[in-house]
Amino acid sequence: MKPRKFPVKDAAVWQELNRVSPYRALKTHFRHLKITLMNLGPRPDSKLRKHSGSFAPLTRDDLPLICVVKNANNYIRAFLRHYRELGVTRFVIVDDRSSDGTTEVLAAAHDVDLYTSDKTFHETELGVHWRDALLAIYGHDRWYISVDADEFLVFPGSETRNIRAFIGDLESRGYDRCLAVMLDTYPPGALDAVAFHDDGQNSPFDVSSHFDGDNYTIKHERYGTAVRGGPRKRLFGRDMRQVKFPLFNADRATDYRRGSIHGLGPVIRNFVPVTAVLLHYRFSAHSVDEFRRIVENYGEIEHGGAHYSAILKSSDFSESFSLAYEGSARYKDSQDLVDRGFMMDLRG
C-alpha cells in the first residue's frame, strides 16, 4: 500500500491496513522461513540470573509484563503504578546494570521478578535474547505486555477499563497482538522549565504533556504496519518506525529473534491497524544527561546510541530547547487520541 496520512481520518484506511497484498504475504512468508532456518538449533544463552522476587509460576489469571530497564529511577515508580492500575499482576524485569537506584526500587517491589545478566544489551541483540528467554521461562499460550520503562500504554477507555477488557476487544476481532503508535512527548516550553518529580500520584505526562499532532505517515513495511514522523524526524531528521507491539498472545511461534523489537515474529501477523498508543516519555528536563549516558553506554552504532548522538550534535538542542510548534497537541485522554485518529477503537 502507498503511504497514507496519519493520524487516520478515514475509517477505510483502518480497513485497508488489515489487507496484505499477495506479493507482500509471499515475500514475508519466505523471509520468515529463511530466518527460521538460520536460527535452527539452541537458542542463544541469555545469561539471566535471578536477583529478587518470588519467581513463582504464573497462574492463568496472571497478566505479566516484560521489560528491560537501565537507569530509570526518575520515572520507574510511575511506570509500576501505571501498569498496576491497568491490571498487571507480575513484572518480569531485566535490569541492565542500573547505577541510579533503579535496582533498589525494583528489588523492594512485591510484584517484581528481577533479573540481571552477565551479558550486555548489545550482546543480546538489543535485549531480544532476554525477552525470548523470559517468554520461554514464564510460558506460552498467554497474553503478555512487553514494553520499555519509558513507554506508557493507552488504549480506548483505559482510564476506566483494565487490560483484560481490551484483550477481549482484540480477541473479538481475531487479533492476537496489538499495534501501538509511539508518541514522543515533550514539555510545552523549554525542556528544563519544569522537572518531573514523582510524588506517588502524578504522571510524567503532567510535565511532558505535548506531542506532535500531525505530519505522520502510515503504511505496510518489512516488519508490518509502520508509522513514521514525530519530533525526532521533524527536528533532527531521524526517520524512525514509531510503532511497537506492546501486547500480544505468545503462542509457541511467537518470538523476537525472527522479527525485531518493533515487530516480533511471525511478521505476517504484524499487518494490522493501530489499536493503542504508547506515550513515550522521551523528552524532559533530564533528556540531555540521559542521551549522553545512552551514547556513552551503547556507542554511536545504529539501533544503539546513534539516534541520540544525532540529537545531541544538533546545534539547537540543549536544556533550554523547546520542541513545541503550531501542530503540538496536549495529551488529554484516550478518547481524544481516538477522535484525533491516532488509534482505532475496536468497540465501535
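(A) Up close: the overall build of the protein chain. Counting its regular elements, the protein chain contains ten helices and 16 strands. Scaling as 2.2 N^0.38, a compact globule of 348 residues should have a C-alpha radius of gyration of about 20 Å, and the protein chain matches this with 19 Å. Pairs at least 24 apart in sequence give 76% of the contacts found in the protein chain among residues at least 6 apart.

(B) Geometry of the pairing of strand 4 (residues 90–95). Burial analysis of strand 4 places six of its six residues in the buried class, which makes it a mostly covered element. Burial along strand 4 is two-sided: R90, V92 and V94 facing one way and F91, I93 and D95 facing the other are all buried. Where strand 3 (residues 64–69) lies against strand 4, six bridges are found, and the strand directions are parallel. Looking across to strand 4, one finds that V69 is bridged to D95. With helix 3 (residues 76–86) bridging strand 3 and its parallel neighbour strand 4, the resulting β-α-β unit is right-handed.

(C) Fine view of the pattern of salt bridges. Tallied over the entire structure, the rule returns 24 salt bridges. Between R232 and D184 there is a salt bridge, with the nearest N and O atoms lying 2.7 Å from each other. One end of the pair, R232, is in helix 7 (residues 231–236); the other, D184, is in strand 8 (residues 177–184), with 48 residues separating them in the sequence. In this pair, the class of R232 matches that of D184, namely buried. Residues participating in the shared-partner salt-bridge network are R131, D148, E151 and K244.

(D) Just the sheet that holds strand 11 (residues 224–228), in detail. Sheet architecture is open: three strands sit in the order 1-10-11, paired in antiparallel fashion. The open sheet is flanked by strand 1 (4–6) and strand 11, the only strands paired with a single partner. Taking each pair of neighbouring strands and ignoring which way they run, the sheet shows an average axis angle of 35 degrees. Alignment of strand 10 (residues 216–221) against strand 11, held across five bridges, turns out to be antiparallel. Residue pairing in the sheet places T217 in a bridge with R228 of strand 11.

(E) Region of the structure containing a nonpolar patch on the surface. A surface patch of nonpolar side chains, amounting to about 400 Å² of accessible area, comprises L26, F30, L33 and L37. On the secondary structure map, L33 appears in helix 2 (residues 22–38). For L33, a relative accessible area of 40% translates into the label partly exposed.

(F) Expanded view of the side chain of R228. Note on placement: R228 falls in strand 11. At 2.8 Å, the side chain of R228 and the side chain of E221 are in polar contact. For R228, the side chain forms a polar contact with the main-chain oxygen of D239, separated by 2.9 Å. Once residues within four sequence positions are removed from consideration, R228 is found in contact with N215, Y216, T217, E221, D239, M240 and R241.

(G) Representation of the nonpolar core in the model. The biggest cluster of nonpolar side chains holds 102 residues, and the ones touching the most others in it are F6, F79 and Y83. The residues contacting F79, other than those within four sequence positions of it, are L65, C67, F91, V147, D148, A149, E151 and F152.

(H) Looking closely at the sheet that holds strand 12 (residues 243–250). Taken in spatial order, the nine strands of this open sheet run 2-5-4-3-6-12-8-15-7, and their pairing is mixed. Unpaired on one side and paired on the other, strand 2 (48–52) and strand 7 (151–154) mark the two borders of the sheet. Ignoring which end each strand starts from, the neighbouring axes of this sheet average 30 degrees apart. Sheet analysis places strand 4 next to strand 5 (residues 112–117), joined by four bridges and oriented parallel. Within strand 5, the position partnered with I93 by the bridge is L114. Of the strands in this sheet, strand 2, strand 3, strand 4, strand 5, strand 6 (142–148) and strand 12 are in contact with helix 5 (residues 128–138), which crosses strand 6 at around 155 degrees.

The rules behind the values
- Residues numbered from 1 in each chain as written.
- Predicted model: local features only at pLDDT ≥ 70, side-chain atom pairs only at ≥ 80, totals over all residues.
- Heavy atoms only, no water.
- Helix = DSSP H or I, 4+ residues; strand = E, 2+ residues; numbered from the N terminus.
- Rg over C-alpha atoms; globule rule 2.2 N^0.38 Å.
- Contact = heavy atoms within 4.5 Å.
- Buried < 20%, exposed > 50% of the residue type's maximum accessible area, 1.4 Å probe, protein only.
- Pairing = 2+ DSSP bridges.
- Right-handed = clockwise from strand over helix to strand, strands pointing away.
- Salt bridge = Lys/Arg side-chain N within 4 Å of Asp/Glu carboxyl O.
- Axes fitted to C-alpha atoms, helices over the stretch in contact; angles between N-to-C directions.
- Patch = residues over 30% accessible without salt bridge, like charges linked within 9 Å, V, L, I, M, F, W, Y side chains within 5 Å.
- Areas by Shrake-Rupley, 256 points an atom, 1.4 Å probe, with all protein chains shown as cover.
- Polar contact = N/O pair within 3.5 Å; in protein donor to acceptor, adjacent residues only side chain to side chain.
- Core = buried A, V, L, I, M, F, W, Y, C linked by side-chain atoms within 4.5 Å.

Shape is all these values report; function is a separate question.
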